[in-house]
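# Architecture at a glance
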Amino acid sequence: MYMAYTTNPHLPRVRRDAVRLVKYRGWNMRKVARHIGVEPSTISRWTKLDPTGGWRIIPTKSARPHSHPNTLNPEIVSRIISLREERQQCAEILHYRLKNEGIVVSISSVKRTLRRHGFSRFSQWKKWHQYSERPMPEKPGILVQIDTIIDGDSSQRLYVYTGIDVCSRFAYAEPRSRINTHASWEFINDMRKEAPFPITLFQSDHGPEFSKWFSK
């Protein structure tokens, strides 16, 4: 991520003109510094950055530090990337898997690592969802939130569909060996049969198991 210490678009040209005053007009650095309104040491630094002597602009560099005391261990970064490339799972799932492996790292660090290595860009083929207005859950069945959780490691994984009514807190769960659109459809139909009230609306996080086709 580019973080400049200034957003002044004219400053690169100001640096070039300052170097030109020193190299071709013969001004000393103190005079140029007073003329522009900076420290003489700044003029000295600019002249060292431009070997052409004032014939090109000097761009503004990023102010981001080269290192940080809390930088992730390269082995952890490598593990995050390898897990991501293995199944293209989201940061939340990767964080859960790392925790099971005994690797202590925050979920924000996982997301930051994925973003820095280009894994968090939206696909141009992504199917966008049209969101209905979220109703007020004034009585049971108006709004039920559904999601999936994962239990176990990659060799023996169990998926659990979960649903909870926002008003009554009635909950229903169903284990599955895999998750997809068809399994999600079966789950909500099973929950409708078990719920002691009719369900009007299901709300999901639009994960891969709750695709656009599932919504339709």
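For the structure, see preceding data.
The text that follows walks through the structure, step by step, so that each part is easy to find. Nothing here was measured: the structure is a model prediction, and the numbers come from that model.

## So, the packing of aromatic side chains
Any aromatic ring pair is given by two values, namely how distant the centres are and how the planes are angled relative to each other. Applying the stated criterion to the full structure yields 6 aromatic pairs. For the pair tyrosine 161 and phenylalanine 210, a centre-to-centre distance of 6.2 Å together with 80° between the ring planes defines the contact as edge-to-face. One end of the pair, tyrosine 161, is in strand β2 (residues 158-165); the other, phenylalanine 210, is in the loop between β4 (202-203) and α8 (212-215), with 49 residues separating them in the sequence. Between the aromatic rings of phenylalanine 170 and phenylalanine 197, the centroid separation amounts to 5.7 Å while the plane-to-plane angle is 80°, which identifies the pairing as edge-to-face. A residue pair is termed long-range when its members are at least 10 positions apart, and phenylalanine 170 in the loop between β2 and β3 (171-176) and phenylalanine 197 in the loop between α7 (181-194) and β4 qualify at 27 residues. Residue classification places phenylalanine 170 among the partly exposed residues on the basis of a relative accessible area of 22%. Judged by its relative accessible area of 14%, phenylalanine 197 falls in the buried class.

## Brief notes about the pairing of β3
Alternating positions in β3 separate cleanly, Tyr172, Glu174 and Arg176 being buried on one face and Ala171, Ala173 and Pro175 remaining unburied on the opposite face. As paired elements, β2 and β3 share 6 bridges and run antiparallel to each other. From the neighbouring strand, tyrosine 159 faces β3, where its bridge partner is arginine 176. Here β2 hands over to β3 after 5 residues, with arginine 169 in that stretch at a positive phi of 65°.

## Focus: helix α4 (residues 74-87)
Every α-helical turn comprises 3.6 residues, leaving residues that sit three or four positions apart pointing alike. For α4, with 14 residues, the first-to-last C-alpha span of 21 Å sits near the 20 Å given by 1.5 Å per residue. Among the residues of α4, Ile76, Val77, Ile80, Ile81, Leu83 and Arg84 are the ones counted as buried. With its buried residues spanning 160° around the axis, α4 presents them on a single face. Facing away from the buried side of α4 by over 90 degrees, the exposed positions are Pro74, Glu75 and Glu85. Where α4 is buried, its residues meet α5 (91-100) and α6 (107-116). Its side-chain oxygen at 2.8 Å from the backbone nitrogen of glutamate 75, asparagine 73 defines the N-terminal cap of α4. Of the residues one or two after α4, glutamine 88 is the one with positive phi, at around 55°.

## Brief notes about the packing of α5 against α6
The contact between α5 and α6 brings their axes to 9 Å, and the two run at 120°. Relative to α6, α5 is oriented oblique. Between α5 and α6 the crossing geometry is right-handed. Every residue of α6 that contacts α5 at Ala91, Glu92, Leu94, His95 and Leu98 is listed here: Ile107, Val110, Lys111 and Leu114. Each residue belonging to the contact of α5 with α6 can be placed in one class, and the counts come to 6 nonpolar, 1 polar and 2 charged.

## Quick word on a positive patch on the surface
A contiguous patch of positive charge, built from Arg25, Arg30, Lys31 and Arg34, is present on the exposed surface. Along the chain, the position of arginine 34 falls in helix α2 (residues 29-36). Given the relative accessible area of 66%, arginine 34 is considered exposed.

## Digging into the environment of tryptophan 27
Mapped onto the fold, tryptophan 27 is located in the loop between α1 (11-23) and α2. Judged by relative accessible area, which is 19%, tryptophan 27 ranks as buried.

## Some details on α1
Taking 1.5 Å per residue, 13 residues should reach 18 Å; α1 reaches 18 Å between its end C-alpha atoms and fits that length. All of the buried residues along α1 are Leu11, Pro12, Arg15, Arg16, Ala18, Val19, Leu21 and Val22. In the core, the buried residues of α1 are packed alongside α2 and α3 (40-49).

## As for the sheet that holds β4
Spatially, 4 strands are ordered β3-β2-β1-β4 in an open sheet, and the strand pairing comes out mixed. The sheet is open, and its two edges are formed by β3 and β4, each paired on a single side. The pairing of strand β1 (residues 144-151) with β4 spans 2 bridges and is parallel. The residue bridging glutamine 145 from the neighbouring strand is glutamine 203, located in β4. The strands touched by α7 are β1, β2, β3 and β4; relative to β3, the strand with the most contacts, the crossing angle is about 145°.

Rules behind the numbers
Within each chain, residues carry numbers counting from 1 in the order of the written sequence. The predicted origin of the model limits local features to residues at a pLDDT of at least 70 and limits the giving and counting of side-chain atom pairs to 80 or more, whereas totals for whole chains, interfaces and linings rest on all residues. The side-chain quantities take in all heavy atoms of the structure and omit both hydrogens and water. In summary, the pairing rule links any two rings of Phe, Tyr or Trp, Trp by its six-membered ring, whose centres are within 6.5 Å, and it sorts them by plane angle into stacked for under 30 degrees, edge-to-face for over 60 and tilted for everything else. Runs of H or I in DSSP of at least four residues are treated as helices and runs of E of at least two as strands, each being numbered from the N terminus. Each residue's exposure class comes from its accessible area (1.4 Å probe, protein chains only) as a fraction of the maximum for that residue type: buried when under 20%, exposed when over 50%, partly exposed otherwise. We treat two strands as partners when DSSP finds at least two bridges between them. For a helix, the expected span equals 1.5 Å multiplied by the number of residues minus one. The arc in question is traced by the directions running from the helix axis to the C-beta atoms. Between two residues, a contact is recorded if the distance between any of their heavy atoms is within 4.5 Å. Polar contact is the term for a pair of N or O atoms within 3.5 Å; when the atoms are in protein, one must be able to donate a hydrogen and the other to accept it, and sequence-neighboring residues count only if both atoms are side-chain atoms. Geometry is summarised by axes, namely lines fitted to C-alpha atoms with helices restricted to the contacting stretch, and by angles between N-to-C directions that run from 0 to 180 degrees. What sets the label is the angle itself: under 35 degrees gives roughly parallel, over 145 gives roughly antiparallel, 65 to 115 gives roughly perpendicular, and the rest give oblique. Each helix crossing is assigned a hand: it is left-handed if the near helix lies turned anticlockwise from the far helix by less than a right angle, otherwise right-handed if that turn is clockwise. Residues are grouped as follows: nonpolar covers Ala, Val, Leu, Ile, Met, Phe, Trp, Tyr, Cys and Pro; charged covers Asp, Glu, Lys and Arg; every other residue, Gly included, is treated as polar. Any residue with relative accessible area above 30% and no salt bridge may belong to a patch, with like charges joined within 9 Å and the nonpolar Val, Leu, Ile, Met, Phe, Trp and Tyr side chains within 5 Å. Per-residue accessibility takes into account occlusion by the displayed protein chains alone, with areas from the Shrake-Rupley method and a 1.4 Å probe. A pair is scored as a salt bridge if a Lys or Arg side-chain nitrogen falls within 4 Å of a carboxyl oxygen belonging to Asp or Glu. Under the counting rule used here, the positive set is Lys and Arg, the negative set is Asp and Glu, and His together with the chain ends is not counted. Lys charges are placed at NZ, Arg charges at CZ, Asp charges at CG and Glu charges at CD.

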